[in-house]
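Structural description and commentary
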Amino acid sequence: MRELIIDLDAIASNLKSVRARVGSAMVLGVVKADAYGHGMIPVAKKLEAAGVDYLGVADVHEAQQLRDAGIDLPILAWLHDPRENFIRAIDSGIELGIANLEQLERVAKAAEHLGRIARVHLKVDTGLGRNGSTEQEWPALLKAAHGFVAEGFIQAVAIFSHLSCTSEADDLLQIERFEAACESAREHEIDFELRHLTASDGSIRYPQAHYEMVRIGVALYGLSPFTENHSEDFGLIPAMTATSVVVQTKRVPADHGVSYGYLHRTTGETTLALVPVGYAEGLPRNASTAAKVSINGKTYSILSRIAMDQFVLDVGDDVVSAGDLVTIFGDAAAGVPSVDDLAAAADTINYEIVTRMGGRFKRTYLGEEA
Ligand SMILES: *Cc1c(COP(=O)(O)O)cnc(C)c1O
């Protein structure tokens, strides 16, 4: 009675749209956080079949799950537990983002222990202030990397960084610093093959910064990385549709309170329809009164408080019955509320909505690879 329909063919189509935009640059599909709530393994298998070049995740444990599922693509993991020893990761051929000297040393040590070369992507912080080497630490990291390459412990595959997308001026400055960091790596005789800087937002905004690879997450799921734009502006198809069913309806008189705190009281005799989806499923409680859902082609606001397990709609005199399909969000092109609409109602971004969808929702896949 609660279903997330994941359209994997939409994801394959979004990969095509991204490719049309980035030309010859390779595409790393970001499948971290359970593929933004879409299910990491089915999404990764679809992306592999659709010809993605790389997969990217935050944690080595996510990368390991991909390997355990039989995925052979190059996989990059970039956010590490300070206690991680990297042995299993290197042994599984997982490529590692390296943000500092300690990580690099630990990776080199693990590679020596295994007798296997670790493929690393050196990360420079060009201004986001998250992980990555500072510009001050960068020369020492390059020097150490050069030494470990010479010893046969590591291969420095790439230099990478991440934009803040705060303003064009800030991003252009980061692009400039990125190119300087790559230049500095060349001066340190680091023989890297790839540079990668942009995620979905930067890949759309800065064609001059695609380099050899782009890292694409949200656009593959069919969503716009910008709040001022929507999927259709970029030829993207939203891959996730959240549905439920009406489980009970009742006629109530005027002035009947509805749900906790009576955010809504009926203004006349009316029908209330109960839907079994709540904040436990990731429907944000603070979207109460602002979120809209669709039943039988008509849109209704959730006027009352969203609870843990359920919300209530006031459908007036419309004919709505138990068993009727409720679309919480889906493809706006189908005339239903979009993820962007729900994100706006909850004062957040589309990324957070899809990533947090879960709880008792059951995922159903369309276009799944065997
Ligand atoms: C999550 C992430 C991405 C993908 O970002 P999108 O905006 O979803 O395309 C790319 N690179 C890094 C380092 C990330 O953490």
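All of these numbers come straight from a predicted model, not from anything done at the bench.

1. Quick look at the packing of aromatic side chains
Throughout the structure, instances matching the rule amount to five aromatic pairs. The interplanar angle of 40° and the centroid separation of 6.5 Å between the aromatic rings of Phe148 and Phe153 together place this pair among those described as tilted. Overall, Phe148 belongs to the buried group, its relative accessible area being 15%. Ring pairs connect the aromatic residues Tyr36, Tyr221 and Tyr351, which therefore count as one cluster.

2. Considering the nonpolar core
General note: in soluble globular proteins, nonpolar side chains tend to be found buried as a group. Ranked by size, the top nonpolar core spans 118 residues in total, and within it Val31, Leu55, Leu122, Ile154, Phe311, Leu313 and Ile328 carry the most contacts. Counting residues domain by domain, this core receives three or more from each of domain 1 (8-221) and domain 2 (240-366). If sequence neighbours within four positions are ignored, Ile328 has contacts with Ala242, Ser244, Val277, Leu283, Lys292, Val293, Phe311, Pro337 and Phe361.

3. Side note on the domain arrangement of the protein
The extent of an interface is frequently quoted as the accessible surface area lost upon association of the parts. Assigned domains of the protein: these are domain 1 (8-221) and domain 2 (240-366). Each of domain 1 and domain 2 was reduced to a C-alpha centroid, and the two centroids are 38 Å apart. Domain 1 puts ten residues into the contact, and the matching count from domain 2 is eight residues. Of the roughly 870 Å² buried at the junction of domain 1 and domain 2 (both faces included), carbon and sulfur atoms supply 57%.

4. Remarks on the layout of surface pockets
Approximately 540 Å³ is the volume found for the largest pocket. Forming the walls of the largest pocket are 26 residues, and the residues nearest its centre are Lys32, Arg130, His162, Ala199 and Tyr351. Only α2 (32-37), α9 (200-205), β9 (213-216) and α11 (350-356) provide two or more residues apiece to the lining of the largest pocket. With four residues, α9 is the single largest residue contributor to the lining of the largest pocket. Its residues placed into classes, the lining of the largest pocket shows 13 nonpolar, seven polar and six charged. Forming the boundary of the second largest pocket are 17 residues, of which Val258, Ser259, Leu274, Gln310 and Val312 lie nearest the centre. Those elements that place two or more of their residues in the lining of the second largest pocket are β11 (248-252), β12 (257-258), β14 (270-275) and β17 (311-316). Within the lining of the second largest pocket, the residues separate by chemical class into eight nonpolar, six polar and three charged.

5. Some words on the site of the ligand
In the region of the ligand, 14 residues are neighbours, and Lys32, Tyr36, Ser200, Val218 and Tyr351 sit closest. A distance of 2.8 Å separates a nitrogen atom of the ligand from a polar side-chain atom of Arg215. Residue Tyr351 places a side-chain N or O atom 2.6 Å away from an oxygen atom belonging to the ligand. Among the cavities detected, the one that contains the ligand is the largest pocket.

6. A short note on the side chain of Glu95
Structurally, Glu95 can be placed in strand β5 (residues 95-98). A relative accessible area of 4% places Glu95 in the buried class. A distance of 2.9 Å separates a polar atom in the side chain of Glu95 from a polar atom in the side chain of Arg119. At 2.7 Å, the side chain of Glu95 and the side chain of His121 are in polar contact.

7. Section: helix α7 (residues 138-150)
Across its 13 residues, α7 extends 18 Å between first and last C-alpha, which sits within 8% of the 18 Å expected from 1.5 Å per residue. Three or more residues of α7 are buried, namely Trp138, Leu141, Leu142, Ala145 and Phe148. Looking down the long axis of α7, one finds its buried residues gathered within 125° of arc, a one-sided arrangement. Among the exposed residues of α7, those pointing more than 90 degrees away from its buried face are Lys143 and Ala150. Buried-residue contacts for α7 involve β5, α6 (101-114), β6 (118-123), β7 (154-160) and α8 (168-187). Just downstream of α7, Gly152 is the residue with a positive phi angle, here 80°.

8. Considerations on the pairing of strand β10 (residues 240-245)
Across five bridges, the pairing between strand β1 (residues 2-7) and β10 is antiparallel. Residue Ile6 lies in a different strand from β10, and its bridge partner there is Met240. Alignment of β10 against strand β18 (residues 325-329), held across four bridges, turns out to be antiparallel. Following the sheet pairing, Val245 is matched in β18 by Leu325.

9. Concerning the packing of helix α1 (residues 8-22) against helix α3 (residues 40-49)
As a packed pair, α1 and α3 sit with axes 10 Å apart at the nearest point and diverge in direction by 45°. One element, α1, and the other, α3, form an angle in the oblique class. By crossing handedness, the relation of α1 to α3 is classed as right-handed. Contacts between α1 and α3 involve Leu8, Asp9, Ile11, Ala12 and Leu15 from the first element and Pro42, Val43, Lys46 and Leu47 from the second.

The rules we used
- Residues numbered from 1 in each chain as written.
- Predicted model: local features only at pLDDT ≥ 70, side-chain atom pairs only at ≥ 80, totals over all residues.
- Heavy atoms only, no water.
- Phe/Tyr/Trp six-rings, centres within 6.5 Å; stacked < 30°, edge-to-face > 60°.
- Buried < 20%, exposed > 50% of the residue type's maximum accessible area, 1.4 Å probe, protein only.
- Core = buried A, V, L, I, M, F, W, Y, C linked by side-chain atoms within 4.5 Å.
- Domains from an automatic or database assignment.
- Contact = heavy atoms within 4.5 Å.
- Buried area = accessible area lost by both parts, 1.4 Å probe.
- 1 Å grid on protein atoms, 1.4 Å probe; cavity = no way out; pocket = protein on both sides within 12 Å on 5 of 7 lines; lining within 4 Å.
- Points joined across faces, edges and corners; volume = space filled by probe spheres on them.
- Helix = DSSP H or I, 4+ residues; strand = E, 2+ residues; numbered from the N terminus.
- Nonpolar A, V, L, I, M, F, W, Y, C, P; charged D, E, K, R; others polar.
- Near = heavy atom within 4 Å.
- Polar contact = N/O pair within 3.5 Å; in protein donor to acceptor, adjacent residues only side chain to side chain.
- Sits in = over half its atoms within 2 Å of the grid points.
- Expected span 1.5 Å × (residues − 1).
- Arc of directions from axis to C-beta.
- Pairing = 2+ DSSP bridges.
- Axes fitted to C-alpha atoms, helices over the stretch in contact; angles between N-to-C directions.
- Parallel < 35°, antiparallel > 145°, perpendicular 65-115°, else oblique.
- Left-handed = near helix turned anticlockwise from the far one by under 90°.

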